[in-house]
Amino acid sequence: MRKLTIDLNAVAVNLGTIRTLVGPTVKVLGVVKADAYGHGMVQVAKKLEAEGIDFLGTADLTEALTLRAAGIRSRILAWIHDPEDDFVASVNHDIDLAVSSNDQLFRIQKAAKAIGKSARIHIKVDTGLGRNGVTLSELEDLLKHIKVAVSEGTVITSGIFSHLSSTGPREDLEQIARFDEALALAAEHGFEFEVRHLTASDGTLSYPQARYDMVRCGIALYGLSPFSDNKGKEFGLKPVMCAEAKVVQTKRVPSGSGVSYGYLYHTDRETTLALVPVGYAEGLPRNATGKAEVCINGKRYPILSRIAMDQFVVDVGDASVSPGDRVVIFGDCGPSADDLANAADTINYEIVTRIGSRLNRVYLGAVEGSQN
Ligand SMILES: *Cc1c(COP(=O)(O)O)cnc(C)c1O
């Protein structure tokens, strides 16, 4: 009675749109962290691999190793590391590792020595986001240690990268300039990289000059705009996810009936109430009460009474709505993930990554053998 349709063919379309935008000389890393933003990490990764993606990206190594265990052979970059990870499994499984500190480098070096295999690393530079990575003033010291590791054959410097704060053009352009400084410093020390990469979806769309050798796209692959402006379609992006449910009960009630917890809503005439089995456990934010809309039989209805854990109620007036009718929460013909994000005062990223486990996942266009 609750369904989440994930159209993997739309992921392929979106990848094509990004490739057309960046041109043939720029590689694309598909970000599949956080269960591919709630879309199913293994299924999305298999689709991207079948489409010839250059790299996959995960936040952490548990995700990267899950992809390897599922048979994914593409290059995978992971960038947030457990401070106690010994990196042995990751080097063993050919995961490209972001290096944000001397300490991480030393542990990677040790793992590489222990198993007699070189580790591929991407130097992470903090150009102003204030998250992970070495600052420009720490970079030279890290480069010296990396030189030693390269000469002993324990690491290969595959990449160097950074991440924008997306505060505004002034701040972003400052970061781009600092990234160029970092590249110049690395070049002075004789480093060459397979991939220099800076932009996520938003920077890829906003700063063509900053695409370097590769772009790292997450939200755009899922067909949504990174700008929370509901403009995904204008970029030629196609939403991948559609959340829907069935009406499970309808009832006629008199005028003046209070509905759901706290009676935020009273009927003002005799009307029909429709019960939908989706609540905040499904990722429909409770604070979207009064603002979110859903689509039933092609018509939009606001959710005016309190969204509960498992269900909400809509007043459908005298429309002919019956149990079994389809209710689109977002996607497809219903409101967009952006509409729901606006109603809940958040961003589309948070809507799609927090869909609950009680929706039955249905994949369209899945690659053979990737249903589980
Ligand atoms: C999540 C993430 C991305 C992808 O961001 P989108 O806005 O979804 O394209 C890229 N790079 C890094 C380092 C990230 O953490």
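Residues numbered from 1 in each chain as written. Predicted model: local features only at pLDDT ≥ 70, side-chain atom pairs only at ≥ 80, totals over all residues. Heavy atoms only, no water.

### Focus: the sheet that holds strand S15 (residues 293–296)
- Spatial ordering of the open sheet is given by S16-S15-S18-S10-S1-S19, a layout of six strands whose pairing is mixed. Only two strands of the sheet have a single neighbouring strand rather than two, namely strand S16 (299–302) and strand S19 (360–364). On average, adjacent strands in this sheet sit at an angle of 30° to one another, irrespective of strand direction.
- Across four bridges, strand S10 (residues 241–246) lies against strand S18 (residues 326–330) in antiparallel orientation. Each residue of the ladder has a partner; that of Ala245, found in S18, is Val327.
- Helix H1 (residues 8–22) contacts strand S1 (2–7) and S19 of the sheet and is inclined by roughly 35° relative to S1. (Pairing = 2+ DSSP bridges. Helix = DSSP H or I, 4+ residues; strand = E, 2+ residues; numbered from the N terminus. Axes fitted to C-alpha atoms, helices over the stretch in contact; angles between N-to-C directions. Contact = heavy atoms within 4.5 Å.)

### Section: empty space enclosed by the protein
- Counted by the stated rule, this structure contains three cavities of 30 Å³ or more.
- One number sums up the size of the largest cavity: a volume of about 50 Å³.
- Forming the boundary of the largest cavity are Ala243, Val278, Glu282, Gly283, Leu284, Ile329, Phe330, Leu340, Ile355 and Leu359. (1 Å grid on protein atoms, 1.4 Å probe; cavity = no way out; pocket = protein on both sides within 12 Å on 5 of 7 lines; lining within 4 Å. Points joined across faces, edges and corners; volume = space filled by probe spheres on them.)

### What to know about the side chain of Gln175
- Among the secondary structure elements, Gln175 is positioned in helix H8 (residues 169–188).
- On the accessibility criterion, Gln175 (2% relative accessible area) is buried.
- Aside from chain neighbours lying at most four places away, what touches Gln175 is Thr127, Gly128, Leu129, His163, Leu164 and Ser165. (Buried < 20%, exposed > 50% of the residue type's maximum accessible area, 1.4 Å probe, protein only.)

### Examining the environment of Asp85
- As for its position among the elements, Asp85 is in the loop between strand S4 (75–80) and helix H5 (88–92).
- With 152 residues separating them in the primary sequence, Asp85 and Leu237 have C-alpha atoms 38 Å apart.
- Asp85 has contacts with Leu61 and Arg107, leaving out every residue within four places of it along the chain.
- A polar contact of 2.7 Å, which involves the side chain of Asp85, links it to the backbone nitrogen of Phe87. (Polar contact = N/O pair within 3.5 Å; in protein donor to acceptor, adjacent residues only side chain to side chain.)

### Re the side chain of Ser162
- Assignment of secondary structure puts Ser162 in the loop between strand S7 (155–161) and H8.
- Of note is the side chain of Ser162, whose polar atom sits 2.7 Å from the side chain of Thr127.
- Excluding residues within four positions of it along the chain, Ser162 makes contact with Lys124, Val125, Asp126, Thr127, Phe179, His197, Leu198 and Arg216.

### Some details on H1
- Its 15 residues place the ends of H1 21 Å apart at the C-alpha level, agreeing with the 21 Å of an ideal helix rising 1.5 Å per residue.
- Turning to H1, its buried residues are Leu8, Ala10, Val11, Ala12, Asn14, Leu15, Ile18 and Val22.
- For H1, the N-terminal capping position is held by Asp7, with its side-chain oxygen 3.1 Å away from the main-chain nitrogen of Asn9.
- Directly beyond the C-terminal end of H1, a positive phi value near 85° is found at Gly23. (Expected span 1.5 Å × (residues − 1).)

### Looking at the nonpolar core
- Counting residues in each nonpolar core, the largest one holds 110 residues, and the members touching the most others are Phe312, Ile329 and Phe330.
- In terms of domain composition, this core takes at least three residues from each of domain 1 (8–229) and domain 2 (241–364).
- With residues up to four places along the chain from it excluded, the contact list for Phe330 reads Met241, Cys242, Ala243, Pro335, Ser336, Ala337, Leu340, Ile351, Val352 and Ile355.
- Counting residues in each nonpolar core, the second largest holds six residues, with Val253, Tyr265, Leu273 and Leu275 among its members. (Core = buried A, V, L, I, M, F, W, Y, C linked by side-chain atoms within 4.5 Å. Domains from an automatic or database assignment.)

### Comments concerning the sheet that holds strand S14 (residues 271–276)
- Strands sit in the order S11-S14-S17 across an open sheet of three strands; the sheet is antiparallel. Of all the strands in the sheet, the pair left with one neighbour each is strand S11 (249–253) and strand S17 (312–317). Across the sheet, the mean angle separating the axes of adjacent strands is 30° when strand polarity is ignored.
- Here five bridges tie S14 to S17, and the two strands are oriented antiparallel to one another. The partner of Leu275 across the bridge, within S17, is Val313.

### Considering the domain arrangement of the chain
- Each domain of the chain was delimited in the assignment, giving domain 1 (8–229) and domain 2 (241–364).
- Each of domain 1 and domain 2 was reduced to a C-alpha centroid, and the two centroids are 38 Å apart.
- Taken together, the contacts link 13 residues of domain 1 with eleven residues of domain 2.
- Applying the counting rule to domain 1 against domain 2 returns zero salt bridges.
- Applying the counting rule to domain 1 against domain 2 returns three residue pairs in polar contact (both at pLDDT 80 or more).
- Looking at the side of domain 1 that touches domain 2, the elements that each hand over two or more residues are H1 and helix H2 (33–38).
- A class-by-class count of the residues in the side of domain 1 that touches domain 2 yields five nonpolar, seven polar and one charged. (Salt bridge = Lys/Arg side-chain N within 4 Å of Asp/Glu carboxyl O. Nonpolar A, V, L, I, M, F, W, Y, C, P; charged D, E, K, R; others polar.)

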